[in-house]
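Architecture at a glance
So you can see what is in the structure, the chains are spelled out below.
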Amino acid sequence: MSFIKPNFRHPALPKNQVGYTKADYEGAISTLCAGCGHDSITAAIVQACFEIDLEPHKLAKISGIGCSSKTPAYFLRNSHGFNSVHGRMPSVTTGAYLANRDLIYLGVSGDGDTASIGMGQFVHAVRRNLNMVYIVMNNGCYGLTKGQDSATADTGSINKEGGVNQFAGIDLCSLAIELGATFVGRSFSGDKHQLVPLIKAAMAHPGFAFLDVLSPCVTFNNNKGSTKSYDYVREHIEATSELDFVPHRDEITINYQEGKSVLAPLHDGSLLHLHKLAPGWDPTERKSVISLIQTSRTNGEIPTGLLYLDTHTRDLHEVMGTVKEPLNALTEKELCPGAGVLKEINDSFR
Amino acid sequence: MSFIKPNFRHPALPKNQVGYTKADYEGAISTLCAGCGHDSITAAIVQACFEIDLEPHKLAKISGIGCSSKTPAYFLRNSHGFNSVHGRMPSVTTGAYLANRDLIYLGVSGDGDTASIGMGQFVHAVRRNLNMVYIVMNNGCYGLTKGQDSATADTGSINKEGGVNQFAGIDLCSLAIELGATFVGRSFSGDKHQLVPLIKAAMAHPGFAFLDVLSPCVTFNNNKGSTKSYDYVREHIEATSELDFVPHRDEITINYQEGKSVLAPLHDGSLLHLHKLAPGWDPTERKSVISLIQTSRTNGEIPTGLLYLDTHTRDLHEVMGTVKEPLNALTEKELCPGAGVLKEINDSFR
Amino acid sequence: MNSVIFNDFVIRFANVNGTGSASANDMFSKAVFRMGIPVSAKNIFPSNIQGLPTWFELRVNEHGYLGRREGIDIMVAVNPQSLKEDIESVRAGGYFIYDNTKNLHPEFHKEDIHFIGVPMMQLCMDHFSEPRQQQLFKNMVYIGALIELLNIEPEVVHDIIRHQFRKNEKLVPPNFLALDLGRNYVKEHYECPLPLRLERRDKVGDQIMIDGNTATGLGALYGGASVVAWYPITPSTSVAKAFETYAKRYRKDPDTGKLSYAIVQAEDELAAIGMVIGAAWNGARAFTATSGPGVSLMSEFLGLAYYAEIPAVLVNVQRGGPSTGMPTRTQQADILSSAYASHGDTKHVLLFPSTPAECFEMAADALDLADHLQTPVIVMTDLDLGMNFHLSPPLKWDDKRKYKRGKVYSAAELDSMQKYGRYLDVDDDGICYRTIPGTHPTKGAFTTRGTSRDEYARYTEDAAMYARSIDRLAKKWKTAAGLVPKPEVYQKKNQSSTGLICFGTSQYAAMEALELLEKQGVKIDSLRVRAFPFNDTVADFIESHEQVFVVEQNRDKQFRSLLVNELEVHPKKLIPVLNYDGMPITADSILNQILEKTNGTALTA
Amino acid sequence: MNSVIFNDFVIRFANVNGTGSASANDMFSKAVFRMGIPVSAKNIFPSNIQGLPTWFELRVNEHGYLGRREGIDIMVAVNPQSLKEDIESVRAGGYFIYDNTKNLHPEFHKEDIHFIGVPMMQLCMDHFSEPRQQQLFKNMVYIGALIELLNIEPEVVHDIIRHQFRKNEKLVPPNFLALDLGRNYVKEHYECPLPLRLERRDKVGDQIMIDGNTATGLGALYGGASVVAWYPITPSTSVAKAFETYAKRYRKDPDTGKLSYAIVQAEDELAAIGMVIGAAWNGARAFTATSGPGVSLMSEFLGLAYYAEIPAVLVNVQRGGPSTGMPTRTQQADILSSAYASHGDTKHVLLFPSTPAECFEMAADALDLADHLQTPVIVMTDLDLGMNFHLSPPLKWDDKRKYKRGKVYSAAELDSMQKYGRYLDVDDDGICYRTIPGTHPTKGAFTTRGTSRDEYARYTEDAAMYARSIDRLAKKWKTAAGLVPKPEVYQKKNQSSTGLICFGTSQYAAMEALELLEKQGVKIDSLRVRAFPFNDTVADFIESHEQVFVVEQNRDKQFRSLLVNELEVHPKKLIPVLNYDGMPITADSILNQILEKTNGTALTA
Ligand SMILES: Cc1ncc(C[n+]2csc(CCOP(=O)(O)OP(=O)(O)O)c2C)c(N)n1
Ligand SMILES: Cc1ncc(C[n+]2csc(CCOP(=O)(O)OP(=O)(O)O)c2C)c(N)n1
Ligand code: SF4
Ligand code: SF4
Ligand SMILES: [Mg+2]
Ligand SMILES: [Mg+2]
């Protein structure tokens, strides 16, 4: 069953610099549960893409399997999407990225999809610093298969059936930092104010940009005792910073506050303005970030915001030394060494 | 091809408390390359098992696929072994462990086997704090398939063919600590003095005991420029501690040095005596360990020894609340609810 | 007006998922069942959690024909989203019961069916204050209406409600009230009961109403599984869940609270089967349950278990393929991928249950067989059998039954022997003796491996030795054919020249089709396969018939391929009868395909 | 004394792996080849890196029979570990050349073979000082001995050595010296040359000597693959390696040094095929290479590519199964697991090359076919073809050849259409038009998925829609049968009633067997299958023969199953001829099985 929204455009809707209205960034009507956090993330993605003046067809959206992995159908209807198989979004994205370096790759996954079956591929996408935005819609459970605990469920978290999780929850941000990710943020589906600029910044980052977005599952994991419920998350999040994303073509007119502010130039010339809220933490300083995370863990806080950023990163295609042109655009001329060369090769085997 | 050592025992060989000579802990003759680090680890395992008076049949040895994963055939011929499939040793071990809580489980893997194809299972074995000893024989390459870089190869390391590794190497110890492993050590195949007590302590630990053992591949990754060669490793290791393992039945007669020493009582009553060499580091204090690792990383040092120990750990069977008896020993009596109960069940479906 | 028809109709409930209708609908089917009338249910649900159309279809048939039947006699439509198609799916002369709180749009009107409006929402709004209650009790209003319209015994429904809320009794009166709202409304506005109606019978005997997955989970529990590793996937999830539910009850030491089982939600299917193999290697009985994508992921490990000869039980609750396919629809389309899972020369034992009782029995048998044969055994059920309620013989267990642990040497046996060889074919049946880790301090240890090895489990690359070892596995396969459950043959004395072979859930519709054909004077013998490898009866049955229809629910005639490959019969002799649209196969469809493929003739021979 | 036999023998070198013998042995085969004499090599190596026995077997045959032949005529034994079995494997009348630096133990002596001792080690110790040199040059000593014993033209060997050390010329003289040590010793001590000897011919024409994997890698390079993802596994590793080696040379911009390809060593096989699918979805040509265990792991993804209709090329270099099996031995035992990889109704296109030239051609064709059919195409080679040197026609490329990118809409095409539907069967051949991400700002985007969908790629659970979509895939399969490479038929005018079908590396031995049979007056027609699905020629061939032998290298007659399943032929008509011990099949074995299975009669018809 699929509901396609009538593509009706109000003539007066404001357009962005590339001539699209916000509605142009939407997709089919969501079939998720009313109130599902994932829908809010969808809305944030729509908003972010509108604001950064993305041409929708310049982005490819790739997902695994799960409620979260369905969301690409609900945003960016003019982008190609690939709802692949469970846990394997990273490899599909790697291949797609290698084929065409000119698109933005937005990977959407769930905590089940990433932290369980997809763990191996996740780790290796980080290791390769794959140039993509990787969003985990993290609800601590398997929504689509009806609420089993996932590997990000915290020790002691109580699920809907009253079961108490006995195992350590995997902190995907901390793991990504350990593995050398170059852009790591955490946010909350309910905090659009924080989430939208994070997504925008992630899209401008020329390496692996990871966003762990807490996204409560209203149907299976929004009960009392769950550490991924709306109430719990609202009470325990601690923003590390306030974030502004300044696209590279905008003039910097805002007067940034001294002292607690960090101005991080991104690769494409955009600027990230971070107003720091967490003491002793510098998002570009690995050790301080690790220390912040360790401390929050002990205090039962959930630090959100842009946790870590390494701006000295090279695009994977640069590392691999591939040509400027997308590989999928090369023709016989560039690809085929031709009959003459083959004669030489044959001779070498005589 | 398999060579079985003649099982000839010299009558005068010393026996341990359970009546075995060291030769009883050996296995078939190794078919690895002469000088392969893995063979030294084999020898250390033999030594450790002899010294802790292990009854060989009380241990099960399980491995994946690779040169490293072949070694279980070369030690403990009286233990059952399982040379399973590539990267999946952890799941097989998990099943085995659940079936019989009374054995010691020794998992042997390679860096390819663990850090690439096996990454997902490795992470989840750590997450479950599976009661096992997990040894990675880490040579930074795929020995058995002729020397390709593995995911633990360091950035910039040069392989035999002159290729320079472009990707970040995964630090398995650091990763294990991040994921909540309760016993994490690193050593070097060439340092028997350090390795043997580490293995002994790992076997006494009632949770996931991880040992990352640098083990040069003489055939494919012992060249100049490789950061996993004998020369490089010898030059860059920094021992964090000296370790003594005191089995629980031995009286503690040694007079431990004050100040720089830590005495860690293990779960089974054994004692670990750690003579600390690294400043500002306490192996039972997570934050200090993480900091040590970060610092060494920056300095290009390889810290070895028992890096991290959490003694407040519960055996997985305890966590799961299973009966004391091994599950594989239960009979119809304990397992089958019987016809009477089935009548009730049938009635509930009418 | 129509004449009265008793206990023979298909009723469908059109709901929105996540609105609590499932429990009302179950109540309805239970009421029919408790009136002694055979009934079967099909849940047609979307691959989503909330807000999409979902249907619950019940076939009521006092003759016990409980396969799916095309055409809806009564539609209870509570979902405005699907109104149009719901109306269209009602047979001419059928009934369309709907919520007329809002008027039905005139374009929906149809001449040839009866419209019965009940203001379900209005009635609830009038009598209940909370929105959630209004929503929930709407379901009870239509159940109430059905009591009168279909002549359900009210006490039966009341009992069910009382039992359901026995722990929260204050919920009973409002439920009764909601029932009454529906009952009273229809009594006032329509002639009750309808000509299509129920009447108490005594046709269910000692049968139970249960879903196959629960029965499978119970079978594994009774069969002595003590290690369960699984990964969630529709429609297999409830197998592990059922095991756990009952194990928590019956495998807990009342004194210590300790459990005599371990269940792990694995990180994925590769890990799940790996754990099963590890546990079984170490002497515990273990199983996992999955569906198509899981089987694909498990195939490397299944090959290891086949070749290294380790018991492993896998329940494959089949769903619509290929790939993610139709995860909430049914098919029998993993036949080849399960039988030949993994590369190289690999084959696996399959069991094909048809009823929940058989799910129970075969889950337990699978554990015995896996231990005996030291190889994977795959129980092949499907979504229809696994997730729908079926009328089934009661589950049976003989307390004298002992677990057959197969050929395992004890310490004493090892002591008394010269030299132990893991892969010595001592009994000349292809099955060798294994030892369990920890058995003996100095004897019987060996290394299990997925590589070629000699009889003493030592690695070898010797060509002759290797060939000998896989020839022995072929011999074991022959042994297996004699050990697996025998087929059921339905054949009268005077044999027909035409036969029909079916397996699993296709049997419901197949048997109905055959009886319909018999009424038309066409006699066809039939055989229901219960296991692979096939035993001789299957070969004989094919041999002794001129043509044999093979009924299965996939596109590629996969089961027929198995028959041809393994029994060396001419494929032309085996005429495929297929259904693969994701809905359970119907008797009509089988009948029509049989008539069509024989031009309606050639059968009366 | 024997009469002289020219250019017809099997010579085997028994070495220890990791001792540098491989390059000496290659030198020997190249010398034979350069003397214009057909030769083929088989490397029989252990699954280990150093210190275990390894054999290099060469068949020299001026008639061009280059399949493996049982029985060793000349053994060059340099490995004391395997001495006993090496002596035993020499045919009566054969020659055993060994290092007699130490005396051969008398128990090894055998009456019926000739022993030729050469003090290889001693000679080296006398003339070279470094132990490593002594070790290496030992190999050249036996090559020297063979120059005289077998009548090799010394200049040919000298040329090879000069070429090999062209970048390190100071190594040439000691190599020549070592050769001379061997030559002089045998000239002094034995009558040279032996009656079994070489003599220049002109029988290799323009052929080359190359391993299949190199040819496959080159084929993919020429075929336009730009994304390669792989995971190391014997015997497929050298496919990716060959691609990379040549790509580094011919796909590097001479000015910028930039590469027009990307190659990734994936973290495992699941990731490798996922990357290929992602790249192909995104419009690049991509492939991966693996072997059995990898195919098992890839099966979920292969099902996705089949159902979502994404091109993907996979090279399966088959090795001995099941499980880890015999990783350094050859088999054709992944036929079923490749053809039907994945759950549900899934089928994959297979190509079966027989020679390196065909590896090249088919690797390129596979990329065209995958794009055209929008489905996985699996190139089925094996260890024997992939890792051994074979005499092969030269690799051919027509510079006019264009890559067939299949049905892909451009932005202009999209602009000119009303409504785009990804799964509309516009051309009625089952193949639909795809679009590549990024093509058009507002038209042509859709979501690819592994679930059921309608013609516009929208998710659906509609039964009829689903059935329509998989019926279309069945139609596409029929289209594929007309597009894949046609079989080769070897049939004289007056047709025989008996046929033989073979594929891949079995053809070498099969063709020899048929010629041997023909000499005995038995005529059998033959057909070599080159692709699956089978096109009509295969059906016709079977149809027009009374009995057909099917030659394959696995236990379970997997290829025969494919023939039966897909062509609906009676299995009894297809008589299996098998070999599955991990060694390449021999002509003798085929011949004997044919004679045996027909009691030596029935063939002369
Ligand atoms: C190979 C495979 N195994 C299992 C499944 C069943 N499955 C579908 S979604 C899902 C988990 C989804 O969890 P998550 O990624 O957290 O997404 P959520 O629904 O919570 O957003 C599972 C196990 C599948 N589709 N494929
Ligand atoms: C599924 C699968 N893929 C690939 C292989 C081939 N293979 C065998 S060993 C190995 C890598 C071994 O590397 P590592 O674990 O580091 O062991 P080492 O040989 O270096 O000790 C690979 C890729 C395999 N056996 N199975
Ligand atoms: S089940 Fe949970 S995750 Fe899925 S759509 Fe509903 S609320 Fe969202
Ligand atoms: S190849 Fe390397 S890892 Fe393997 S045995 Fe030889 S030295 Fe050891
Ligand atoms: Mg989730
Ligand atoms: Mg390694």
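Treat the numbers as computed from the prediction; the structure is a model and nothing was measured. (Residues numbered from 1 in each chain as written. Chains lettered and ligands numbered in written order. Predicted model: local features only at pLDDT ≥ 70, side-chain atom pairs only at ≥ 80, totals over all residues. Heavy atoms only, no water.)

Assigned secondary structure in chain A consists of 12 helices and 13 strands. The C-alpha radius of gyration computed for chain A amounts to 21 Å, which stays within 12% of the reference 20 Å derived for 350 residues, consistent with globular compactness. Dimensions of chain A, computed from the C-alpha atoms along their principal axes, are close to 75 × 50 × 50 Å. Burial status across chain A gives 67% buried among its 350 residues. Counting only contacts in chain A whose residues sit at least 6 apart along the sequence, the fraction spanning at least 24 positions is 71%. (Helix = DSSP H or I, 4+ residues; strand = E, 2+ residues; numbered from the N terminus. Rg over C-alpha atoms; globule rule 2.2 N^0.38 Å. Buried < 20%, exposed > 50% of the residue type's maximum accessible area, 1.4 Å probe, protein only. Contact = heavy atoms within 4.5 Å.)

For chain C, the helix and strand inventory stands at 19 helices and 23 strands. Taking 2.2 N^0.38 as the reference for a compact globule, 605 residues should give roughly 25 Å; the C-alpha atoms of chain C span a radius of gyration of 27 Å, in line with that estimate. Each principal axis of the C-alpha distribution contributes one length, and for chain C these read about 90 × 65 × 40 Å. A buried classification covers 69% of the 605 residues belonging to chain C. Sequence separation of at least 24 residues holds for 75% of the intrachain contacts in chain C that already meet a minimum separation of 6.

In the region of ligand 1, 23 residues are neighbours, and Ser-68, Asp-111, Gly-112 and Asp-113 of chain A together with Glu-269 of chain C sit closest. Measuring from an oxygen atom of ligand 1, one finds a side-chain N or O atom of Ser-68 of chain A at 2.7 Å. Here an oxygen atom of ligand 1 and a side-chain polar atom of Asn-139 of chain A are 3.0 Å apart. If ligand 1 stood free it would expose 590 Å²; the protein chains cover 98% of that surface. Those elements giving two or more residues to the shell around ligand 1 turn out to be α2 (67-70), α4 (111-115) and β5 (141-142) of chain A together with α10 (292-308) of chain C. Per-element tally for the shell around ligand 1: the top contributor is α4 of chain A, with 3 residues. Looking at the shell around ligand 1, its residues break down into 10 nonpolar, 9 polar and 4 charged. (Near = heavy atom within 4 Å. Polar contact = N/O pair within 3.5 Å; in protein donor to acceptor, adjacent residues only side chain to side chain. Areas by Shrake-Rupley, 256 points an atom, 1.4 Å probe, with all protein chains shown as cover. Nonpolar A, V, L, I, M, F, W, Y, C, P; charged D, E, K, R; others polar.)

Residues and elements named next belong to chain B. Coordination sphere of the magnesium ion (ligand 6), protein contribution only: Asp-111 (OD), Asn-139 (OD1) and Cys-141 (O), at 2.0 to 2.2 Å. The motif formed by the donor residues of the magnesium ion (ligand 6), counted along the single chain, is D-x27-N-x1-C. A residue pair is termed long-range when its members are at least 10 positions apart, and Asp-111 in helix α4 (residues 111-115) and Asn-139 in the loop between β4 (132-138) and β5 (141-142) qualify at 28 residues. In this structure Asp-111 comes out as buried when scored by relative accessible area, which is 2%. (Donors = N, O, S within 2.8 Å, 3.2 Å for Na, K, Ca; no water.)

Turning next to the environment of Leu-369 of chain D. Position of Leu-369 of chain D among the secondary structure elements: in helix α12 (residues 356-373). When sequence neighbours within four positions are dropped, the list of residues in contact with Leu-369 of chain D reads Leu-351, Gln-374, Val-377, Leu-483, Val-484 and Pro-485 of chain D.

Another aspect to go through is the interface of chain C and chain B. One frequent convention defines the size of an interface as the accessible area lost when the parts assemble. Across the boundary between the two partners, chain C contributes 72 residues, which contact 57 residues of chain B. Summing both partners gives a buried area of about 5,300 Å² for chain C against chain B, and 61% of it is carried by carbon and sulfur. Our enumeration of links across chain C and chain B arrives at 1 salt bridge. The salt bridge involving Glu-267 of chain C is made with Arg-128 of chain B; its shortest N-O contact spans 2.8 Å. For the pair chain C and chain B, the interface holds 22 residue pairs in polar contact (both at pLDDT 80 or more). Sort the elements by how many residues they give to the side of chain C that touches chain B and helix α9 (residues 269-281) of chain C lands first, with 8 residues. Sheet analysis places strand β2 (residues 80-83) of chain B next to strand β17 (residues 447-449) of chain C, joined by 3 bridges and oriented parallel. (Buried area = accessible area lost by both parts, 1.4 Å probe. Salt bridge = Lys/Arg side-chain N within 4 Å of Asp/Glu carboxyl O. Pairing = 2+ DSSP bridges.)

Counted under the stated rule, the structure contains 68 aromatic pairs over all chains. Between Tyr-142 of chain B and Tyr-231 of chain D, the aromatic rings sit 5.5 Å apart at their centres with planes inclined by 65°, giving edge-to-face as the arrangement. In this pair, Tyr-142 of chain B sits in strand β5 while Tyr-231 of chain D sits in the loop between β10 (227-230) and α8 (237-250), so the two residues belong to two different chains. Residue Tyr-142 of chain B shares its accessibility class with Tyr-231 of chain D, and that shared class is buried. Judged by centre distance (5.7 Å) and plane angle (80°), the ring pair of Tyr-409 of chain C and Tyr-420 of chain C falls under edge-to-face. Taken together, the residues span a long stretch of sequence, with Tyr-409 of chain C in the loop between β16 (389-392) and α14 (411-415) and Tyr-420 of chain C in the loop between α14 and β17 at a distance of 11 residues. Judged by its relative accessible area of 13%, Tyr-420 of chain C is buried. In this structure an aromatic cluster arises from ring pairing among Phe-352, Trp-477, Phe-503, Phe-532, Phe-534 and Phe-559 of chain C. Lying over the aromatic face of Tyr-456 of chain C, Lys-419 of chain C brings its terminal NZ or CZ to 4.2 Å of the ring centre. One Lys or Arg, Arg-453 of chain D, reaches over the ring of Tyr-307 of chain D and ends 4.5 Å from the middle of that ring. (Phe/Tyr/Trp six-rings, centres within 6.5 Å; stacked < 30°, edge-to-face > 60°. Lys NZ or Arg CZ within 6 Å of the ring centre and 35° of its normal.)

The next point concerns the site of ligand 3. In the vicinity of ligand 3, the contacting residues are Leu-32, Cys-33, Cys-36, His-38, Cys-67, Asn-139, Cys-217, Val-218, Thr-219 and Phe-220 of chain A together with Ile-49 of chain C. Lying at an intersection of chains, ligand 3 is approached by residues of chains A and C. Tallied by class, the residues present in the shell around ligand 3 amount to 8 nonpolar, 3 polar and no charged.

Residue and element names in this part refer to chain A. Summarising the metal site, the magnesium ion (ligand 5) is bound by the protein donors Asp-111 (OD), Asn-139 (OD1) and Cys-141 (O), whose distances to it range over 2.0 to 2.2 Å. Counting along the primary sequence, the residues that act as donors to the magnesium ion (ligand 5) give the motif D-x27-N-x1-C. Each member of the pair Asn-139 and Cys-141 is classed as buried.

Attention now goes to the domain arrangement of chain C. Residues and elements named next belong to chain C. In terms of domains, chain C is made up of domain 1 (5-197), domain 2 (210-392), domain 3 (411-483) and domain 4 (488-597). If you average the C-alpha positions of domain 1 and of domain 2, the two centres end up 35 Å apart. Buried surface at the junction of domain 1 and domain 2, both sides included, amounts to about 930 Å², of which 61% is carbon and sulfur. Together, Ala-41, Lys-42 and Phe-45 form the three largest contributors to the area buried by domain 1 at its contact with domain 2, with a combined 46%. For the salt bridge of Asp-384 with Lys-42, the shortest nitrogen-to-oxygen distance reads 2.9 Å. Between the two partners, domain 1 and domain 2, sit 5 residue pairs in polar contact (both at pLDDT 80 or more). (Domains from an automatic or database assignment.)

Another point: the sheet that holds strand β4 (residues 53-61) of chain C. All names here are of chain C. Overall, mixed pairing links the 6 strands, which are arranged β3-β4-β2-β5-β6-β7 in an open sheet. Two strands in the sheet have a free side with no partner beyond their single neighbour: β3 (39-44) and β7 (114-118). For this sheet, the mean angle separating the axes of adjacent strands, direction not counted, is 15°. Where β3 lies against β4, 6 bridges are found, and the strand directions are antiparallel. Looking across to β4, one finds that Val-39 is bridged to Val-60. On top of the sheet, helix α4 (residues 131-150) reaches β2 (8-16), β5 (72-77), β6 (90-99) and β7; it is set at about 165° to β2, its chief contact. (Axes fitted to C-alpha atoms, helices over the stretch in contact; angles between N-to-C directions.)

A separate point is the pairing of β5 of chain C. Residues and elements named next belong to chain C. For β5, the tally of buried residues reaches 6 of 6 residues, placing the bulk of the element in the interior. Sheet analysis places β2 next to β5, joined by 4 bridges and oriented parallel. Across the sheet, the residue bridging to Phe-13 is Val-76, located in β5. Here 5 bridges tie β5 to β6, and the two strands are oriented parallel to one another. In the sheet register, Ile-72 faces β6, and the bridge partner there is Val-90. Between the parallel pair β5 and β6, the chain is carried across by helix α2 (residues 83-88), and the sense of this crossover is right-handed. (Right-handed = clockwise from strand over helix to strand, strands pointing away.)

What follows is about the sheet that holds strand β14 (residues 349-351) of chain C. All names here are of chain C. Spatially, 7 strands are ordered β11-β10-β12-β13-β15-β14-β21 in an open sheet, and the strand pairing comes out mixed. The sheet is open, and its two edges are formed by β11 (262-265) and β21 (531-532), each paired on a single side. Pairing between strand β12 (residues 286-290) and strand β13 (residues 312-318): 4 bridges, direction parallel. Pairing of Thr-290 across the sheet is with Asn-316, part of β13. Of the strands in this sheet, β12, β13, β14 and β15 (376-382) are in contact with helix α12 (residues 356-373), which crosses β15 at around 165°.

Bringing the packing of helix α7 (residues 212-222) of chain C against α12 of chain C into the picture now. Residue and element names in this part refer to chain C. Running from N to C, α7 and α12 point in directions that differ by 30°, and their axes come no closer than 7 Å. Of the two elements, α7 crosses α12, and the hand of that crossing is right-handed. Seen from α7, the contacting residues are Gly-212, Ala-215, Thr-216, Leu-218, Gly-219, Ala-220 and Tyr-222; seen from α12, they are Pro-356, Cys-359, Phe-360, Ala-363, Ala-364 and Leu-367. Residues belonging to the contact of α7 with α12 are distributed by class as follows: 10 nonpolar, 3 polar and no charged. (Left-handed = near helix turned anticlockwise from the far one by under 90°.)

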